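Below are the chains, spelled out letter by letter.
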Amino acid sequence: MTVTASASQTRPPVQRWLLVWALALAAVLVVFLLQDRLPWAVNYPAEAVIPVADWVSALMRWIKSNLSWLTRSITAVLGVPLDFALDLLAKNFKIGHGADAYVLPRLSWIGVCAAAFIAGHAVGGRRLGMLVGGCFLYTALFGQWTSAMLTLALISIAVPFCIVTGLFAGIWAWRKPWAERLIISPALDLMQTIPTFAYLIPMLLLFGNSPVSAMIATAIFATPPMVRATMLGLSRVPSEIDDFSEMAGCTARQKLWRVLLPSARPTLMIGVNQVIMLALNMVIIASMIGAGGLGYDVLLALRALKVGEAMEAGLAIVALAIALDRLSQAIAHKQAKGHVQRQANQSVWRRYPNLSRAIAILVVTTLLGLFVPAFAAVPKAITFTTAPLWKAAVSWVTINFFDVIEAFRVALILNVLNPLRAFCEGFPWLGAVALLGLAGYQFGGLRLAAFVAALTAFCAVTGLWEKTMATVYLCGISAFIACLIGIPIGLAAARSDRFEKIVTPIIDTLQVLPSFCFIIPVVMLFRVGDVTAMIATVAFAVVPAIRYTNHGIRQVPPALIEAAKVSGCTPRQTFFRVQLPLALPEIMLGVNQTILMALAMIIICAMVGTRDLGQEVFIALSKADSGRGIVAGLAIAFIGIVADRLFNAWTAKARARLG
């Protein structure tokens, strides 16, 4: 007995954990083989399901019945600036009622394109001006102007709301660590992992099918990056600046608004950029509850299987996304360099010449629109469409490559997707809870183990285990393929500057594209189903795997590389024995982000026929069933949070081990 005890004490930790995992996996296998005797351990008993969805539905009905005055007040208040933006950009102002109403035109499309060019030229030079102005001109010439302006109007109201709310929440979290730990961080985790469709259901129930509902959902979804950017920016302000402001006699308010926030402006502007992109992505999805605009055009075209129209509206979304992304990035870059001091005694038009020019052009072209119709609306004579070309191209590919595409699709379904789906859906729920809890205990201790196990068990006790595992299967295979593609590309980019210059514009473009745009071309070729969802998800989620791998290899200290060379290591040995191990934590962070992005995209792919939690949310949205949708959304969020917590804990442990 003494010999056995001493042997177990001297056994290395890795060997002990391997033994523990072997025993745990063996126990799960036994449970699966004995499922006839232990059915409750494999499939959660239906009679033990906790009716959380019914409770949530009852709560939402109570809120709707007793707090309708509050929701109506919010709708009325938010409707004022939103209606103004919609009238200014997409509709016309009506003064008066009935036949005596006088109509003032919306902003001229020529003026808006010129103002976009001036804005791009002011912050990034002629090339950026041509790009931004050209993107707006593209939406006009392809007949998408009104829809694009509807989308832009919603963004123009939602984004400032997100920025202000995120700024104050970030300041509060930075000042009060307990608030950041207990309130802000958990709330941000939920907001960033709950699927976009799940935001729409309570908004639809409380605020109705209207642009205001879409704007509120967009604002909630797009606020977290601003909160995180504010906390990060304030925490990175050098302590010397903080000390100097106190020595100068600044009050706490003066120090915050005149010293700390201006010093954190570059990081804050990155947050603004992310807010704009998330708002654009969400506005497209919010077209389902009254937002209208480009997203609604894509949705109608997809439902009617009009490939050409869907592609044109999707490309207009891409053009608008590229314009807003490049413009906000250029502003952030300019803010990082500092701004030019302007003299207070100068007139407004001298202090802000570009703004003055843009306003003057907008006013003149809009007034001309009263007399010249070509200024008020895009003349149909100069617009053109490529919808027939897209339809013809898809028809040609379908006719000539149908057998190859169909053989690939069927082989993938029969040999990979169906067996993997069957394995995941048949996995014992109790075994999954135990194994994930064990992983949490190994990486983060008892608290993480209990947290992970509780979130996993939630998916079972609410009766959503089968749908949860269907989501895990499709998300897992998509993230795995994305990593198989992305990590080697990232490694190649890290070892070759020339290859990195080729890859960077491609992944930048993929990151800018709204999620809707990934579905359209895949649906054209592979129709609806799991294969379409997997391919679109891989394309959407591959970017973090490439970017983090490239960054992780390149951030290895040069001194260590030089030490390896001095020790006689070949370039291959240096790469595999020094750079790759040290970059592994960073690469795993990329894998973590790939999983989260794959999960977000899988839910959107419910529109193309997947049978998982995304379908639950989609059905709940069509039936306005708030309880069903919110519980399914929470289950999706918990999958993301479990993956995030486990990968972060593993990464932190790996970083500590590598010093």
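Residues numbered from 1 in each chain as written. Predicted model: local features only at pLDDT ≥ 70, side-chain atom pairs only at ≥ 80, totals over all residues. Heavy atoms only, no water.

A.B. asks: Help me understand the overall build of the protein in this model?
C.D. replies: Each helix and strand in the protein was counted, giving 30 helices and 2 strands. The C-alpha radius of gyration of the protein comes to 27 Å, within 12% of the 26 Å expected for a compact globule of 659 residues. When burial is assessed residue by residue, the protein has 46% of its 659 residues classed as buried. Working note: accessible area of the protein is about 33000 Å², and carbon and sulfur atoms make up 67% of it. Distance between charge centres in the protein, computed from 51 positive and 30 negative side chains, equals 7 Å. (Helix = DSSP H or I, 4+ residues; strand = E, 2+ residues; numbered from the N terminus. Rg over C-alpha atoms; globule rule 2.2 N^0.38 Å. Buried < 20%, exposed > 50% of the residue type's maximum accessible area, 1.4 Å probe, protein only. Areas by Shrake-Rupley, 256 points an atom, 1.4 Å probe, with all protein chains shown as cover. Lys, Arg positive; Asp, Glu negative; His and termini not counted. Charge placed at Lys NZ, Arg CZ, Asp CG, Glu CD.)

A.B. asks: What's the story with the pattern of salt bridges in this structure? I'm lost.
C.D. replies: Opposite charge on two side chains lets them pair, provided their charged atoms get close. Tallying each qualifying case throughout the model produces 8 salt bridges. With a closest N to O distance of 2.9 Å, Asp497 and Arg554 form a salt bridge. With Asp497 in helix H24 (residues 497-512) and Arg554 in helix H26 (residues 530-554), the pair connects residues that are 57 residues apart, well separated along the chain. Residue classification places Arg554 among the partly exposed positions, given a relative accessible area of 35%. A salt bridge links Glu616 to Arg628; the nearest nitrogen and oxygen atoms lie 3.0 Å apart. (Salt bridge = Lys/Arg side-chain N within 4 Å of Asp/Glu carboxyl O.)

A.B. asks: I'm lost on the nonpolar core in this one. Help?
C.D. replies: In globular proteins that are soluble, nonpolar side chains generally tend to be buried together. With 179 residues, the main nonpolar core has Phe136, Trp145, Met149 and Leu200 as its most contacted residues. Excluding its chain neighbours within four sequence positions, the residues that come into contact with Leu200 are Ala217, Met282, Ile285, Ala286, Met288, Ile289 and Leu621. Ile553, Val556, Phe575 and Ala583 belong to the second largest nonpolar core, which has 8 residues in total. (Core = buried A, V, L, I, M, F, W, Y, C linked by side-chain atoms within 4.5 Å. Contact = heavy atoms within 4.5 Å.)

A.B. asks: For this particular structure, what's the right way to read the confidence of the model for the protein?
C.D. replies: The predicted coordinates should not be examined in detail at positions where pLDDT is low. Per-residue confidence for the protein averages 84 on the pLDDT scale, and 95% of its residues sit at or above 70. Across the protein, the secondary-structure element scoring lowest on mean pLDDT is helix H1 (residues 2-10), at 45, and the one scoring highest is helix H22 (residues 446-461), at 93. Predicted confidence is poor over residues 1-10, with pLDDT under 50, and the contacts of this stretch with residues over four places away or in other chains come to 2 contacts. (pLDDT = per-residue confidence, 0-100.)

A.B. asks: Looking at this structure, I do not really get the packing of aromatic side chains. What am I missing?
C.D. replies: Two numbers describe a pair of aromatic rings. These are the distance of the centres and the angle of the planes. A complete count under the given rule lists 11 aromatic pairs for this structure. With 4.7 Å between their ring centres and 65° between their planes, Phe142 and Phe384 make a pair best called edge-to-face. Of this pair, Phe142 sits in the loop between helix H6 (109-141) and helix H7 (145-175) while Phe384 sits in the loop between helix H19 (373-376) and helix H20 (387-425), and the two are 242 residues apart along the sequence. With relative accessibility at 15%, the residue Phe142 sits in the buried group. We classify Phe384 as partly exposed; its relative accessible area is 42%. Pairing Phe458 with Phe638 gives two aromatic rings, centres 5.0 Å apart and planes at 80°, and the pair type is edge-to-face. On the criterion of sequence distance, the pair formed by Phe458 in helix H22 and Phe638 in helix H30 (residues 626-658) is long-range, its members being 180 residues apart. Through a chain of ring-to-ring contacts, three or more aromatic side chains come together here, namely Tyr138, Phe142 and Phe384. (Phe/Tyr/Trp six-rings, centres within 6.5 Å; stacked < 30°, edge-to-face > 60°.)

A.B. asks: Got a minute to help me understand helix H5 (residues 68-89) in this structure?
C.D. replies: End to end, H5 covers 31 Å across 22 residues, agreeing with the expected 32 Å (1.5 Å per residue, within 8%). Of all the residues in H5, the buried ones are Thr71, Gly79, Leu82, Ala85, Leu86, Asp87 and Leu89. At its buried positions, H5 is contacted by strand E1 (93-95), H7, helix H9 (196-207) and helix H10 (211-222). (Expected span 1.5 Å × (residues − 1).)

A.B. asks: Help me understand the packing of helix H4 (residues 52-66) against H9 in this model?
C.D. replies: Contact geometry of H4 with H9 gives a least axis separation of 10 Å together with a crossing angle of 30°. In terms of orientation, H4 lies roughly parallel with respect to H9. At the point where H4 passes H9, the crossing takes the right-handed sense. Residues Met60, Ile63 and Lys64 of H4 touch H9, and the partners they reach there are Pro202, Leu205 and Leu206. By residue class, the composition of the contact of H4 with H9 is 5 nonpolar, no polar and 1 charged. (Axes fitted to C-alpha atoms, helices over the stretch in contact; angles between N-to-C directions. Parallel < 35°, antiparallel > 145°, perpendicular 65-115°, else oblique. Left-handed = near helix turned anticlockwise from the far one by under 90°. Nonpolar A, V, L, I, M, F, W, Y, C, P; charged D, E, K, R; others polar.)

A.B. asks: Any chance you could explain the side chain of Thr462 here in plain terms?
C.D. replies: Residue position: Thr462 is located in the loop between H22 and helix H23 (465-495). Given the relative accessible area of 11%, Thr462 is considered buried. Here Phe458 takes part through its backbone oxygen, which lies 2.7 Å from a polar atom of the side chain of Thr462. In this structure, Thr462 is in contact with Val49, Ile50, Val52 and Val631, ignoring residues within four places of it in sequence. (Polar contact = N/O pair within 3.5 Å; in protein donor to acceptor, adjacent residues only side chain to side chain.)

A.B. asks: Can you walk me through the packing of H23 against H26 in this structure?
C.D. replies: Between two packed helices, both the angle of their axes relative to each other and the distance between the axes serve to describe the pair. Look at H23 against H26: their axes get within 6 Å of each other, and the N-to-C directions meet at 35°. In the crossing of H23 with H26, the sense of the turn from one axis to the other is right-handed. Its residues assigned to classes, the contact of H23 with H26 shows 20 nonpolar, 6 polar and 2 charged.

A.B. asks: Sorry if this is basic, but what is going on with helix H13 (residues 252-263) here?
C.D. replies: Given 3.6 residues per helical turn, the α-helix brings residues three or four places apart onto the same face. With 12 residues, H13 should reach 16 Å at 1.5 Å per residue; the first-to-last C-alpha distance of 15 Å fits that figure. Among the residues of H13, Lys255, Leu256, Val259, Leu260 and Leu261 are the ones counted as buried. Buried residues along H13 sit against H7, helix H11 (224-235), helix H12 (239-247) and helix H14 (265-285).

A.B. asks: Before we go on, may I ask you to explain the environment of Arg577 in this structure?
C.D. replies: Along the polypeptide, Arg577 turns up in helix H28 (residues 571-604). Taking the C-alpha atoms as reference, Arg577 lies 9.1 Å from Ala564; in sequence the two are 13 residues apart.

A.B. asks: Hey, could you run me through the side chain of Asn550 in this one?
C.D. replies: Along the chain, the position of Asn550 falls in helix H26. The exposure class of Asn550 is buried, given its relative accessible area of 11%. If near-sequence neighbours (up to four positions away) are discounted, Asn550 is found in contact with Gly490, Ala493, Ala494 and Glu500.

A.B. asks: Any chance you could explain the environment of Ile382 here in plain terms?
C.D. replies: Tracing the backbone through its elements, the reader meets Ile382 in the loop between H19 and H20. Distance from Ile382 to Leu141, taken between C-alpha atoms, is 6.6 Å for residues 241 residues apart in sequence. Discounting residues that sit within four places of it in the chain, Ile382 has contacts with Trp109 and Leu141.

A.B. asks: Please clarify how the state of the cysteines should be interpreted in this entry.
C.D. replies: Linking two cysteines covalently through their sulfur atoms gives a disulfide. A full pass over the atoms with the stated rule returns 0 disulfides. The structure places no disulfide on Cys475, whose sulfur is separated from the nearest cysteine sulfur, that of Cys483, by 10 Å. What makes Cys475 buried here is its relative accessible area of 6%. (Disulfide = S-S within 2.5 Å.)

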